[in-house]
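# Results of the structural survey
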Amino acid sequence: MNQFNTHEVCNQPVVLENYNAWQTDIALMEAVAREGGLWAQDHLSAFGARTGGDLIDSGFAANENPPKLRAFDRYGRRIDEVEFHPAYHELMAAGIEYGMSSFAWRHENRDGAHVARAAVMYLGSQADAGFGCPMSMTYAAIPALRHAPALAEKWLPKLLSAEYDPRSLPMEQKTGCTIGMGMTEKQGGSDLRRNTTRALRREDGSYEIIGHKWFFSAPMCDAHLVLAQTEGGLSCFLVPRFLPDGTRNAVRIQRLKDKLGDWSNASSEVEFQGAFGELVGIEGRGIVTILEMVALTRLDCMIGSVSTNAPSRCAGDSSYQSARGFWQTTGRPAFDAQRAG
């Protein structure tokens, strides 16, 4: 006997890995079938294999290596970039490929499309909660953008793409785009009526935006829906990261948020120093417009929260096997002890 062998690890479950998060979740499969989304089961099964497989490691790595702000390049030029670990890009690529951001809109003529997409979001959130933020906002932005038909015609093909394109380029040069949201300011918090960021109309119909946001979600998105005050009241604007000529929009990242969790994703504070923006919806009706986006993101908040409990419930493999042969109580497997009463 090795004198340095202090103990043997026992009475512990096996590591939960290499399982299909769709096929092992009976409650999820029954709910999707009941609500008319079972036509997507092959797609969900394929994604479930990823979220119960290789994406688990990606989720751990992305959280262990949080994003870093690169406000300037090595020569002092302002670039406002956020650097992510490769694992985060793996999560984003899979999320976009399987439709966390777009599946419902790509199939919106089919019954149960949003049910199936909710299941996609549920599965993806089990690998990591952080990248669900840009996935959710991109999905949720579509109804709000449709209040500006010209912008919707331009942006929707990129937002509904199944290709992840992390390059910092004007949207016209990209194969796919994501979109974020900026509402909260220091002095108001959730009271958006106290927002002081203002938007000045230009002769060409666009707006110059001056002010700040205290919480600017996923700053590397290709555009954000932003609230700002106009002569007509609080209004909603699409603010892109890049202008069509390739220059960076005047959105300056001040810092990334220190957070208790959700480390894989970047949340930021920004200033608008005369940023270019385009009106979405009716001037003075910004809250009404952006609430169409907010409502769907809050739905995803519930989906994401519930999904964190899914592995402990749906992977009966681990808990069941543990009860049958690993967890000991009163000197015998817990499963046998429970049957015996």
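Description of the structure in this document.

Parameters and conventions
- Here the residue numbering is sequential within each chain, running from 1 through the sequence in written order.
- Local features in this predicted model are restricted to residues whose pLDDT is 70 or higher, and side-chain atom pairs enter the listing and the counts only when it is 80 or higher, whereas totals over whole chains, interfaces and linings include all residues.
- Side-chain figures throughout are based on the complete set of non-hydrogen atoms in the structure, without hydrogens or water.
- Labels follow the DSSP assignment, with helices taken as runs of H or I lasting at least four residues and strands as runs of E lasting at least two, numbered in each case from the N terminus.
- Three labels apply to residues, based on accessible area from a 1.4 Å probe with only protein chains included: buried if under 20% of the type maximum, exposed if over 50%, partly exposed otherwise in between.
- Any two residues whose heavy atoms approach within 4.5 Å at even a single point are treated as in contact.
- Note that accessible areas follow from Shrake-Rupley with a 1.4 Å probe, and for residues the cover is restricted to the protein chains shown.
- Here, strands pair whenever DSSP counts at least two bridges between them.
- Just to be clear on terms, a salt bridge is a Lys or Arg side-chain nitrogen sitting within 4 Å of an Asp or Glu carboxyl oxygen.
- Side-chain atoms alone can form a polar contact between residues adjacent in sequence; in general such a contact is a pair of N or O atoms within 3.5 Å, and within protein one must be able to donate a hydrogen while the other accepts it.
- A helix is expected to span 1.5 Å for every residue after the first.
- What is meant by a nonpolar core is a set of buried Ala, Val, Leu, Ile, Met, Phe, Trp, Tyr and Cys residues, joined one to another through side-chain atoms within 4.5 Å.
- Axis definition: a line fit to C-alpha positions, over the contact stretch in the case of helices; interaxial angles, taken between N-to-C directions, run 0 to 180 degrees.
- Crossing handedness follows the turn of the near helix against the far one: under a right angle anticlockwise gives a left-handed crossing, and clockwise gives a right-handed one.
- Note on residue categories: nonpolar means Ala, Val, Leu, Ile, Met, Phe, Trp, Tyr, Cys or Pro, charged means Asp, Glu, Lys or Arg, and polar means any other residue, Gly included.

The number of helices and strands found in the protein is twelve helices and eleven strands. Counting only C-alpha atoms, the protein reaches 80 × 55 × 35 Å along its principal axes. Scored against the burial criterion, the 341 residues of the protein give a buried share of 51%. Partitioning the contacts of the protein with sequence separation of at least 6, the portion at a separation of at least 24 is 68%. In the structure as shown, the protein presents an accessible area of about 16,800 Å², 52% of it carried by carbon and sulfur atoms.

A word on the pairing of strand β7 (residues 233–240). Every regular strand shows the same layout, with side chains that alternate between the two sheet faces. Of all eight residues in β7, eight are buried, a share of seventy percent or more. Connecting strand β6 (residues 223–230) to the antiparallel partner β7 that follows it, the hairpin turn spans two residues. Relative to strand β9 (residues 267–280), β7 runs antiparallel, the two being bridged by three bridges. Residue pairing across strands places L238 opposite E278, the latter belonging to β9.

Applying the stated rule across the entire model yields 18 salt bridges. When salt bridges that share partners are traced, they join R78, D80 and R252 into one network.

Attention now moves to helix α3 (residues 54–64). Three or more residues of α3 are buried, namely L55, I56, S58, G59, A61 and A62. Structurally, α3 contributes buried residues whose contacts are with α2 (41–51), α4 (86–98) and α6 (113–127).

With that settled, consider the side chain of T230. With respect to the helices, strands and loops of the structure, T230 is situated in strand β6. A polar side-chain atom of T230 sits 2.9 Å from the main-chain carbonyl oxygen of G233. Here S235 takes part through its side chain, which lies 3.2 Å from a polar atom of the side chain of T230. Leave out the neighbours within four places in its chain, and T230 touches A199, Y207, S235, F237, E283 and G284.

It is worth spelling out α6 at this point. Residues spaced three or four apart along an α-helix point in a common direction, a consequence of the helix completing one turn every 3.6 residues. Between its first and last C-alpha, α6 extends 22 Å over 15 residues, near the 21 Å set by a 1.5 Å rise per residue. A large share of α6 lies buried, amounting to twelve of its 15 residues. Those residues of α6 that sit buried are A113, A116, R117, A119, V120, M121, Y122, L123, G124, S125, Q126 and A127.

With that out of the way, let us pick up the nonpolar core. L44, F47, I209 and F272 are the most contacted members of the largest nonpolar core, which totals 51 residues. Residues within four places of F47 in sequence aside, it is in contact with L55, A94, Y98, M100, V120, L123 and G124. If you look at the next biggest cluster of nonpolar residues, it comprises 35 residues, including A148, L151, W155 and I290.

Moving on, we come to the environment of A152. Position of A152 among the secondary structure elements: in helix α8 (residues 149–159). When the C-alpha atoms of A152 and N5 are compared, they prove to be 65 Å apart, with 147 residues separating the residues in sequence. Not counting the four nearest positions on each side in its chain, A152 is found in contact with L145, R146 and P157.

For the rest of this paragraph, the subject is unusual backbone geometry. Positive phi, close to 50°, is recorded for A218, a residue that is not glycine. What makes A218 buried here is its relative accessible area of 6%. The phi angle at D262 is positive, at roughly 55°, despite the residue not being glycine. Tracing the backbone shows D262 in the loop between β8 (251–256) and β9.

Following both chains from N to C, one finds helix α7 (residues 132–145) and helix α9 (residues 286–307) inclined at 145°, their axes separated by 7 Å at the closest point. Handedness of the crossing formed by α7 with α9: right-handed. On the side of α7, the interface is formed by S136, M137, Y139, A140, A141, P143 and A144, while α9 contributes T289, E292, M293, L296, T297 and D300. For the contact of α7 with α9, the class distribution of residues is eight nonpolar, three polar and two charged.

The element β9 is extensively covered by neighbouring structure, given that ten of its 14 residues are classed as buried. Direction of pairing for strand β5 (residues 207–217) relative to β9: antiparallel, over a ladder of nine bridges. For H212, the partnering residue across the bridge sits in β9 and is E271. Note that β8 and β9 share five bridges and pair antiparallel. Among the inter-strand pairings, R252 is bridged to a residue of β9, identified as E271.

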